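# Summary of the model geometry
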Amino acid sequence: MKTLGGLTILIGAALLTGCIDKDNDSLRKVKQQNAKAEPLKLVSSEAEYGRYIRNGLLSSAYNGPLVEIAHDSEGAYSETNLQVAGVDELDSVKYDGDYLYLAKNPDRFIHWEDAHSDDHEPQDEDFAKIRVMKTFHNPAKTEQVGEHLLSEAGIDINGFYISEFNDNAFLTVLTSDDESYWIQNYWKNPWVWGKGRTGLHLLRANQPSQLDEIFKIEIEGHFLDSRRIENNVYLVTRYTPEVDGLIYYPKTLVEKSTNQQLVDKMSINDLIPQLVVNGGAAKPLFDTEDCYIPQSTKSDEGNASIVTITRVDLITQEIQSSCMGGNTDGIYVSQTGIYHYASDGENTGFHKFSITNNDIQYLDTGLVAGDLGLQNFSFRLDEFEDSFRVLSTKRVWNENQTGWDFEHQLTILSNPTVSGETFNVLGVLPNDDNPSAIGKPGEDIYGVRYSGNRAFAITFERVDPLYVFDLSDDNDPKIQGELEVDGFSQQLHILNEDFILGVGHEADSEFGIPLGVKVELFDVSNLNSPQSVGKEVIGQRGSSTSASHDHHAFSLLNMGNGNIRLALPIARNDSLPEDIDENNPFQRYYFTDFGLFLFNINTGENAFLQKHGEVITAKAEDGSNYLYSDRPRSVLHGDSVFFTDNAQVWSTEWNNLDLVEGPQ
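Residues numbered from 1 in each chain as written. Predicted model: local features only at pLDDT ≥ 70, side-chain atom pairs only at ≥ 80, totals over all residues. Heavy atoms only, no water.

## Some thoughts on the overall build of the chain
A count of helices and strands for the chain gives 4 helices and 43 strands. Going through the 664 residues of the chain one by one, you find that 55% of them count as buried. Per element, the accessible surface of the chain, about 28700 Å² overall, is 44% carbon and sulfur. (Helix = DSSP H or I, 4+ residues; strand = E, 2+ residues; numbered from the N terminus. Buried < 20%, exposed > 50% of the residue type's maximum accessible area, 1.4 Å probe, protein only. Areas by Shrake-Rupley, 256 points an atom, 1.4 Å probe, with all protein chains shown as cover.)

Here it is in structure tokens:
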């Protein structure tokens, strides 16, 4: 079948060649529109939209594809850790206080070849499923009470939202084509964004053992990200039209002319992602007049990819979409706006779309110097009241040609809230009155967190300075305090007004080599003099935790009176062969075990952080020399502890960790 498809493409191209003008002057001169940080404009007509996408398709083909807190107040159980309060985030595990919902995707590495052969009859293992686990306490345990298979093979579950409306419980499931997982490796290449499918399934969960699908949409395009605010789910997808027979590496005028004819034959509907509701007929996801492109776009410019924001009202099932031509590196979402950000190495631009009053409206585009680092990008951005803050980094190869120098800049801008308002720079740090650099020479930023009129940042090369910023005056931001400790934190979490938590690694102070996983408690009650009041280091060099780059991986439960429980997964490397020098700082230790590590935190007068215990689920001595872990999560409910990994569950009691049930 695949061979025949390829043959059809070749025959089609050959038939077109007979009527092609081979004169180079007949080819349109088109260019890729790569503007990322300039204001956008609404597309004026279908013709302008079509020209923009067609120019993008042709210019891309000419160039060829580049494929070379949980719970911040006292509560009964922990919930998904969020960046912005009130803005729910998608996750592969959700808990409603009684039932765990777990995403179980097909093992694509085992079943890929069979599942994608033409004569393969789909089996149960080809379908993503939702495991529904009833939880019990005293002692903690779980029991599977339901399993819901998706209706189509080859689809992965990205995650869930749980919600209640009108005395009904709902589970919202977001899915995507299982070929989407490798997209990250080729993010800048428009051609990998074809053939994607993103789905939203709304399931009634009044009886969790019998989930009932009541609404479903399918969007043409690859899933990028999502948020839920009350009854609205926002989906961000990216799409490149498929062009049958397009020659990706055209070398001759004939091949280029063939491409031009193929692209020109496409209708407007061929260039717009399609939407299917409840299995009905496909229709365009948006009107072209709801699409934005860079203001400076010329008639010979375009971009093959578009990024779409789609709002789905879970109550009324109303669907609204708005599109943006070009690229995005990710999103930051507040309760009032979605910000698309993208860096080109020199600058970072961010487009703000208002999402108030159940409407998606572009407001303005801001620009700052530098990029957003190498991980946890969105945590460098923050909306607070009437301002928008960005902590960016410029990277310059040093004069000695031995490495990078980093210039970090905190920018505060006015934040547009209605049409006509714009981003304007209010304050920048460093500045003439406060010239001190953020970070020492050679130090990059590893972790950032904002909290109202304060911000915290971790920089690192060989030691870890924690910087505390005073942002009470938008026009005059300041470095208020600084603390130097060993190692670094990649994830910062605000516990309360006086304490923050850092998760990262201990490090060798001479060479800056990461060692064991470090969890550290900082007292920031005195902004001028932050203090470390306790830390725990787990394992040796090579140890890791997904919580350093995935804030959903750790759980916090406020027990009252300043007592907080913390759980996070750690792969511990702690063993060396007998003939290896333990004093060699460059020696990587071997994998020892993996599991959930538990900590007690107290933020009272005698604050402390102490390791409480561990729940080990894989050991090297049992033959687990290679750890395969998939989105490990934990839930703390009173004294019950539930740990999930690869859609399996282990249960135990906080005060009796020797009693472990699972995996289930």
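## Points about a negative patch on the surface
Where like charges cluster on the molecular surface, the negative patch consists of Glu46, Asp287, Glu289 and Asp290. If you trace the backbone, aspartate 290 turns up in the loop between strand S15 (283-284) and strand S16 (291-294). Aspartate 290 gets classed as partly exposed once you look at its relative accessible area, which sits at 34%. (Patch = residues over 30% accessible without salt bridge, like charges linked within 9 Å, V, L, I, M, F, W, Y side chains within 5 Å. Salt bridge = Lys/Arg side-chain N within 4 Å of Asp/Glu carboxyl O. Lys, Arg positive; Asp, Glu negative; His and termini not counted. Charge placed at Lys NZ, Arg CZ, Asp CG, Glu CD.)

## What about the pairing of strand S33 (residues 499-507)?
Judged by how many residues are buried, S33 sits mostly within the fold: 9 of 9 residues are covered. Between strand S32 (residues 488-494) and the antiparallel strand that follows it, S33, lie 4 residues. Sheet topology note: the S33/strand S34 (residues 514-523) ladder contains 8 bridges and is antiparallel. Its bridge partner lying in S34, isoleucine 500 is registered against phenylalanine 522. The hairpin formed by S33 and S34 contains 6 residues between the paired strands, and glycine 512 there has a positive phi angle of roughly 75 degrees. (Pairing = 2+ DSSP bridges.)

## Notes on the sheet that holds strand S2 (residues 40-42)
Spatial strand order, S2-S16-S19-S18-S13-S12-S3: 7 strands in an open sheet with mixed pairing. For this open sheet the edge positions go to S2 and strand S3 (88-89), each flanked by a neighbour on one side alone. Pairing of strand S18 (residues 306-313) with strand S19 (residues 319-325), which is carried by 7 bridges, proceeds in the antiparallel orientation. By the bridge assignment for S19, valine 307 is matched with methionine 324.

## Thoughts on the environment of arginine 238
Mapped onto the fold, arginine 238 is located in strand S13 (residues 232-239). The buried category is assigned to arginine 238, whose relative accessible area is 0%. Sequence separation of arginine 238 and threonine 328 is 90 residues, and the distance between their C-alpha atoms is 9.0 Å.

## Considering the confidence of the model for the chain
On average, residues of the chain score 86 in pLDDT, and 86% of them reach the 70 mark or higher. Considering only residues more than four positions removed or in separate chains, one finds that residues 62-75, a stretch of pLDDT under 50, has 43 contacts. (pLDDT = per-residue confidence, 0-100. Contact = heavy atoms within 4.5 Å.)

## Considerations on the environment of asparagine 606
Take asparagine 606: it is sitting in the loop between strand S38 (590-602) and strand S39 (608-619). Spatially, the C-alpha atom of asparagine 606 lies 8.9 Å from that of valine 533, the residues being 73 residues apart in sequence.

## Observations concerning the state of the cysteines
In the structure shown here, the tally under the stated rule is 1 disulfide. Across the disulfide from cysteine 291 sits cysteine 323; the S-S distance is 1.6 Å. In this structure, the disulfide formed by cysteine 291 and cysteine 323 twists by about -70 degrees around the S-S bond and is classed as left-handed. With cysteine 291 in strand S16 and cysteine 323 in strand S19, the pair connects residues that are 32 residues apart, well separated along the chain. Taken as a pair, cysteine 291 and cysteine 323 share a single burial class, namely buried. (Disulfide = S-S within 2.5 Å.)

## Quick word on the pairing of strand S26 (residues 404-414)
Where strand S25 (residues 387-397) and S26 come together, 11 bridges link them in antiparallel fashion. Paired with serine 387 across the two strands is serine 414, which belongs to S26. Looking at chain direction, S26 and strand S27 (residues 424-429) are connected through 5 bridges and run antiparallel. If you follow leucine 413 over to S27, its bridge partner there is valine 425.

## Overview of the nonpolar core
Within the largest apolar cluster, 39 residues are counted, with the highest numbers of intra-cluster contacts made by Tyr49, Leu57, Leu200, Ile217 and Leu235. Aside from chain neighbours lying at most four places away, what touches leucine 235 is Leu174, Thr198, Leu200, Ile217, Ile219, Phe223, Asp225, Ser226, Thr308, Ile309 and Thr310. Counting residues in hydrophobic clusters, the runner-up holds 29 residues, among them Leu40, Ile309, Val333 and Val390. (Core = buried A, V, L, I, M, F, W, Y, C linked by side-chain atoms within 4.5 Å.)

## Things to note about the packing of aromatic side chains
Using the criterion set out here, one finds 16 aromatic pairs in the structure. When the centroid spacing of 6.0 Å and the interplanar angle of 75 degrees are considered together, the rings of tyrosine 49 and phenylalanine 286 count as edge-to-face. Ring plane angle 10 degrees and centroid distance 4.4 Å describe the contact between tyrosine 339 and phenylalanine 388, whose orientation is recorded as stacked. Here the residue tyrosine 339 occupies a position in strand S21 (residues 337-343), and phenylalanine 388 occupies one in strand S25, the gap between them amounting to 49 residues. Considered together, tyrosine 339 and phenylalanine 388 belong to a single accessibility category, that of buried residues. What links up through ring pairs into an aromatic cluster is the set Tyr332, Tyr339, Phe350, Phe388 and Phe423. The ring of phenylalanine 136 has lysine 134 lying over it, and the distance from NZ or CZ to the ring centre is 6.0 Å. Positioned above the aromatic ring of phenylalanine 136, the side-chain terminus of lysine 141 is 5.6 Å from the ring centre. (Phe/Tyr/Trp six-rings, centres within 6.5 Å; stacked < 30°, edge-to-face > 60°. Lys NZ or Arg CZ within 6 Å of the ring centre and 35° of its normal.)

## Some points on helix H4 (residues 253-264)
Given a rise of 1.5 Å per residue, 12 residues ought to cover 16 Å, and the 16 Å separating the end C-alpha atoms of H4 matches this to within 8%. Within H4, burial applies to Val254, Ser257, Thr258, Asn259, Gln260, Leu262 and Val263. (Expected span 1.5 Å × (residues − 1).)

## A few points about the environment of leucine 492
Turning to its location among the elements, leucine 492 is positioned in strand S32. The spatial distance from the C-alpha of leucine 492 to the C-alpha of serine 548 is 9.0 Å, given a sequence separation of 56 residues. When residues no more than four places from it in sequence are discounted, the contact partners of leucine 492 are Gly447, Val448, Arg449, Phe456, Ala457, Ile458, Leu501 and Gly502.

## Points about the pattern of salt bridges
What the rule picks out here adds up to 25 salt bridges. Arginine 311 serves as the salt-bridge partner of glutamate 318, at 3.2 Å between the closest nitrogen and oxygen. Looking at arginine 311, the relative accessible area reads 1%, which means it is buried. Among the salt bridges present, the one from arginine 454 reaches glutamate 497, with a minimum N-O distance of 4.0 Å. Of this pair, arginine 454 sits in strand S29 (residues 454-460) while glutamate 497 sits in the loop between S32 and S33, and the two are 43 residues apart along the sequence. Judged by relative accessible area, which is 9%, arginine 454 ranks as buried. Beyond isolated ion pairs, a larger network of salt bridges with shared partners links Arg572, Asp593, Lys611 and Glu614.

## A few points about unusual backbone geometry
In this chain, asparagine 138 is followed by proline 139 through a cis amide linkage whose omega measures 5 degrees. Structurally, proline 139 can be placed in the loop between strand S6 (129-136) and strand S7 (141-149). Along the chain, glycine 662 connects to proline 663 via a cis peptide bond; the corresponding omega equals 10 degrees. With respect to the element layout, proline 663 can be found in the segment after strand S43 (656-661). Non-glycine residue arginine 631 carries a positive phi angle of around 50 degrees. Structurally, arginine 631 is set in the loop between S39 and strand S40 (633-637).

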